[in-house]
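Close look at the chain arrangement
What follows is the residue order along each chain.
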Amino acid sequence: MDSIIQLDTTKCFLCGRYDCLEMHHIFGSYNRRKSELYGLKVKLCHWCHNEPPNGAHHNRETMQYLHEIGQRAFETHYPEEDFMKIFGRNYL
């Protein structure tokens, strides 16, 4: 499924760069498939995605920011679904 968060996937969701884009599943690990299923993913440049100190996989604040955006998008897009039952945690 396409992203329900990011309409313009030609640039980094966080910084706006147009090069070295990588797909980031908002809820990874055992929830990665659910992120794919529900469209909870964004394009990030390599630096915002996977490079310390600010990359989503290295920075707690960046990850929390994306989790909050993901949960809000899910609850708006799927009001009939229970985020907590599906993802097992409240990020707000």
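Procedures and definitions
- Residues numbered from 1 in each chain as written.
- Predicted model: local features only at pLDDT ≥ 70, side-chain atom pairs only at ≥ 80, totals over all residues.
- Heavy atoms only, no water.
- Buried < 20%, exposed > 50% of the residue type's maximum accessible area, 1.4 Å probe, protein only.
- Helix = DSSP H or I, 4+ residues; strand = E, 2+ residues; numbered from the N terminus.
- Pairing = 2+ DSSP bridges.
- Salt bridge = Lys/Arg side-chain N within 4 Å of Asp/Glu carboxyl O.

A short note on the pairing of strand β2 (residues 41–45)
With respect to burial, β2 is a largely interior element, four of its five residues being buried. Looking at chain direction, strand β1 (residues 21–25) and β2 are connected through five bridges and run antiparallel. When the bridges of β2 are listed, Leu21 appears paired with Cys45.

So, the environment of Glu80
Note that Glu80 resides in the loop between α3 (60–77) and α4 (83–87). Overall, the relative accessible area of 60% leaves Glu80 in the exposed class. Sequence separation of Glu80 and Met23 is 57 residues, and the distance between their C-alpha atoms is 27 Å.

With respect to the pattern of salt bridges
Using the criterion set out here, one finds three salt bridges in the structure. Between Asp19 and Arg17 there is a salt bridge, and its shortest N-O distance comes to 2.8 Å. Residue classification places Asp19 among the partly exposed residues on the basis of a relative accessible area of 34%. Two residues, Glu68 and Arg72, come together in a salt bridge whose shortest N-O distance is 4.0 Å. With a gap of four residues between them, Glu68 and Arg72 both fall in helix α3, about one helical turn apart. Note on Glu68: relative accessible area 25%, which makes it partly exposed. Owing to a relative accessible area of 47%, Arg72 belongs among the partly exposed residues under this scheme.

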